[in-house]
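An overview of the molecular structure
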Amino acid sequence: MSQRAVNDFTIRVATVNGSGSQSSNLVLTNAIYRLGIPVAPKNVFPSNIEGLPTWFDVRVTRHGYRCRTRDIDVLIALNATTWVSDVAEVRPGGIVLHEAAYPVAGATQRADLTYYAVPFAELAKAHFADKGDLRKYLLNMIYVGAIAHLLGIPEAAIEESLRGQFKKKTAAIETNMHAVRVGLAYAREHLSASDAFVLEPMSGKTEGQLFFDGNKAAALGCIMGGCTVAAWYPITPSSSLCESFIQYADRYRVDPATGARNVAVIQAEDELAAAGMVFGAGWAGARAMTSTSGPGISLMAEYVGFGYFAEIPGVIFDVQRAGPSTGLPTRTMQGDVAFAYTLSHGDTKHVVLLPATVEEAYQFSMDAFDLADRLQTPIFVLSDLDLGMNSWLTDPLPYPEKRFDRGKVLDADDLNKIGSWGRYRDVDSDGITYRTTPGTPHAEAGYFTRGTGHDEEARYSENPVVWTRTLDRLVRKHDTARTLVPQPVVDDEKRKVAIVAYGTTHHAVIEARDRLREEGLEVDYLRVRALPLAPDVATFIQRHERVYVVEQNRDGQLYGIMRMELPTHLIARLRSVRHYNGVPIDAHAIVEPLLAQERQPAVIAE
């Protein structure tokens, strides 16, 4: 790198899982944020408990980009096993802060890098000989001090970040700050500050924002959305969603007079049982949810089909990870889209919400319960590990103002007025029928709920005409959902080329559009926020010659859904761009294949 990079570079910390580096990395991230500089942390960690390599990237970006980048400028190397390969990934002109015992020779002896050797292990042993197992954790704080000196992070910002991390744990704050000062003192004496990568305070970029992860935001949305039943089975990367829901419920859903918690949380024996509990609670009139990931979704298929056909509300959060099978439990992917959309047996199509931000993880959680009640059906909220478990800078989450939408629920007074009703009778031509809840004090309130054939009055039927009529009504309900789900976000300037994306891919698209503009290509953008596809999607594609559908899975699942559901004359306009290596998508993964296709000579039809 020939010029100074001010507030625009990426730091990678390479350590081993179980070393306690997460806390120090968050302290470093928060210290940069406290300088007013936008920062995007990404944690790439293995699924084993301890010992394998782990990486934590801190992207410093004055432009406010939130996606990962493959460009590594500053390496903090504390894993001997990956030492050679970690150095190989640093861009020319980068710097390497490393354990002094690692040899700078052979493959790692690159003339285009600047090396800063620090005896981290010796410093930790000399200053914290009495700390036992805690010493390895304090070693991480030593590198925070050293990198703070190299990049120009004020000591006060580190201390403020530490106090935020450990809150009222005074002893922990003092001990960790001592370790930071050890690193600072060594670096000041032995290392010259970097003049290539510099942090300078900014104003207005991060003011009022806070760090929040998507799982925690979704859990808060469940509280605000009136959820009173959570049934779950732990699975990475969704476990923290229900764990956060429990913490919020303990704080905000407790009867002040009796101290009783007014929600029910059940850890089921497996995901199948959890889904059964959700639909049982939904049938009884409660707002109920579960959270899981791909393997758990597989086990829920039978109950989800029952909820769809018996028309029972329930909310399922799928925090996606890389598959197939158990796959890569701690890596991210958008691989469950097609699976969730049609989960179960036979002709089913579900409503799927696709949040891209922390704010949407929160808002769509509330929306999911309203949609489940309004449509009387399972609602999927598809997040992913990147959104769910990584920290994101976000504006404060707003307190909800609208009332709950419970949909077409008949009480005793309603039943007295209408005289007769049928549980599966469509009287409004929107595919949505009326229901009652157990305990309604009226002789006509009861009906039989079954997952096998039934007619409009909820009576058992295997009549082919009745069966066809029921499935056709469910299609009408699905079409009604197109107008009720979160609508696409559209930036359309009538250009020839456009991008369609969804979920966390959105953040890479933001940067990719800037990079494409630098290459002389302006593109429009539509972000899908839910399935079924809204009518605006077809209209958008109609206005463009080529539309690139960008997603994080091998097979182009949204691309496939669009090809099945859009008018035939629009299909030829679609192109697929896919990223599926398990780490969050970056702008390069969009720009390079898109430009390659755009620069191909036009094919002349014979």
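Rules used in this analysis
- Residues numbered from 1 in each chain as written.
- Predicted model: local features only at pLDDT ≥ 70, side-chain atom pairs only at ≥ 80, totals over all residues.
- Heavy atoms only, no water.
- Phe/Tyr/Trp six-rings, centres within 6.5 Å; stacked < 30°, edge-to-face > 60°.
- Helix = DSSP H or I, 4+ residues; strand = E, 2+ residues; numbered from the N terminus.
- Buried < 20%, exposed > 50% of the residue type's maximum accessible area, 1.4 Å probe, protein only.
- Lys NZ or Arg CZ within 6 Å of the ring centre and 35° of its normal.
- Pairing = 2+ DSSP bridges.
- Axes fitted to C-alpha atoms, helices over the stretch in contact; angles between N-to-C directions.
- Contact = heavy atoms within 4.5 Å.
- Right-handed = clockwise from strand over helix to strand, strands pointing away.
- Expected span 1.5 Å × (residues − 1).
- Polar contact = N/O pair within 3.5 Å; in protein donor to acceptor, adjacent residues only side chain to side chain.

**Considerations on the packing of aromatic side chains**
Here the structure, examined in full by the defined rule, presents 6 aromatic pairs. Ring geometry for Y33 against F211: centres 5.2 Å apart, planes inclined by 65°, an arrangement best described as edge-to-face. With Y33 in helix α1 (residues 21-33) and F211 in strand β9 (residues 210-213), the pair connects residues that are 178 residues apart, well separated along the chain. There is no split in this pair, since Y33 and F211 are both buried. With centroids separated by 5.3 Å and ring planes inclined at 45°, the aromatic side chains of W83 and Y102 adopt a geometry described as tilted. Taken together, the residues span a long stretch of sequence, with W83 in helix α2 (residues 83-88) and Y102 in the loop between β6 (90-99) and β7 (114-118) at a distance of 19 residues. Judged by relative accessible area, W83 falls into the buried class, the value being 4%. By relative accessible area, Y102 is classed as buried at 13%. The ring of F404 carries the charged tip of R287 above its face, separated from the ring centre by 4.7 Å.

**Quick look at the sheet that holds strand β17 (residues 489-491)**
Backbone hydrogen bonds hold the strands of a sheet together, and the pairing may be parallel or antiparallel. The strand order across the open sheet built from 5 strands is β17-β19-β18-β21-β22, with neighbouring strands paired in mixed fashion. This sheet does not close on itself; its edge strands, each paired only once, are β17 and β22 (574-578). Averaged over all adjacent pairs, the angle separating strand axes in this sheet is 20°, with direction ignored. With 5 bridges joining them, strand β21 (residues 546-551) and β22 adopt parallel strand pairing. Along β22, the bridge assignment pairs V549 with S576. Sheet strands touched by helix α18 (residues 535-542): β17, β18 (497-502), β19 (524-528), β21 and β22. Its angle to β19, the strand with the most contacts, is close to 160°. On the sheet, helix α21 (residues 588-598) packs against β18, β21 and β22 and is oriented at approximately 145° with respect to β22.

**What to know about the environment of G225**
Tracing the sequence through the fold places G225 in the loop between α7 (214-224) and β10 (229-232). Among the residues examined, G225 registers a relative accessible area of 1% and is labelled buried. Residue contacts for G225: discarding those within four places in its chain leaves R287, M366, F369 and F404.

**Observations regarding the sheet that holds strand β15 (residues 378-384)**
Pairing is mixed across the open sheet formed by 7 strands, whose spatial order is β11-β10-β12-β13-β15-β14-β20. The open sheet is flanked by β11 (264-267) and β20 (530-531), the only strands paired with a single partner. Relative to the sheet, helix α9 (residues 271-283) contacts β10, β11, β12 (288-292), β13 (314-320) and β15, its axis offset from that of β12 by approximately 160°.

**Brief notes about the pairing of β11**
In summary, the side chains of a regular strand alternate between the two faces of the sheet. The sheet contact formed by β10 and β11 spans 4 bridges and is parallel. Residue pairing across strands places A231 opposite I266, the latter belonging to β11. Handedness of the crossover joining β10 and β11 through helix α8 (residues 239-252): right-handed.

**Quick word on unusual backbone geometry**
With an omega of 5°, the peptide bond between T236 and P237 qualifies as cis. As for its position among the elements, P237 is in the loop between β10 and α8. Notably, N7 is not glycine yet its phi reads approximately 55°, a positive angle. We note that S344 has phi near 110°; this positive angle belongs to a residue other than glycine. One can find S344 in the loop between α12 (337-341) and β14 (351-353).

**Some points on the pairing of strand β2 (residues 8-16)**
Where burial is concerned, most of β2 is hidden: 7 out of the 9 residues are buried. Note that β2 and strand β4 (residues 53-61) share 9 bridges and pair antiparallel. Bridging from a neighbouring strand, A14 pairs with W55 of β4. Bridge count for β2 against strand β5 (residues 72-77) is 4 bridges, and the pairing is parallel. In the sheet register, A14 faces β5, and the bridge partner there is A77.

**Examining helix α13 (residues 358-375)**
For an α-helix the count is 3.6 residues per turn, leaving residues at separations of three or four pointing the same way. For α13, spanning 18 residues, the distance from its first C-alpha to its last is 25 Å, which sits close to the expected 26 Å at 1.5 Å a residue. Of all 18 residues in α13, 15 are buried; the element is thus mostly enclosed. One or two positions beyond α13, positive phi appears at Q376, with a value near 55°.

**Brief notes about the side chain of D370**
In this structure, D370 sits in helix α13. Residue class for D370 comes out buried when judged on its relative accessible area of 9%. A polar contact of 2.8 Å, which involves the side chain of D370, links it to the side chain of R287. Beyond its immediate sequence surroundings of up to four residues, D370 is in contact with R287, K402, R403, F404 and D405.

**Focus on α9**
An ideal rise of 1.5 Å per residue puts 18 Å on 13 residues; α9 measures up with 18 Å between its terminal C-alpha atoms. Those residues of α9 not exposed but buried are E271, A273, A274, A275, G276, V278, F279, A281 and G282. Structurally, the start of α9 carries an N-cap: the backbone nitrogen of L272 is 3.3 Å from a side-chain oxygen of D270. G285 occupies a position one or two residues after α9 and carries a positive phi of about 105°.

**With respect to the environment of D426**
Position of D426 relative to the elements: it lies in the loop between α15 (412-418) and α16 (464-484). Among the residues examined, D426 registers a relative accessible area of 19% and is labelled buried. C-alpha of D426 to C-alpha of F45: the two residues are 381 residues apart in sequence and 51 Å apart in space. Those residues in contact with D426 that lie beyond four places of it in its chain are G431, I432, T433, R473 and R476. One polar contact links the side chain of D426 to the main-chain amide nitrogen of D430, over a distance of 3.5 Å. A distance of 2.9 Å separates the side chain of D426 from the side chain of R476, its partner in a polar contact.

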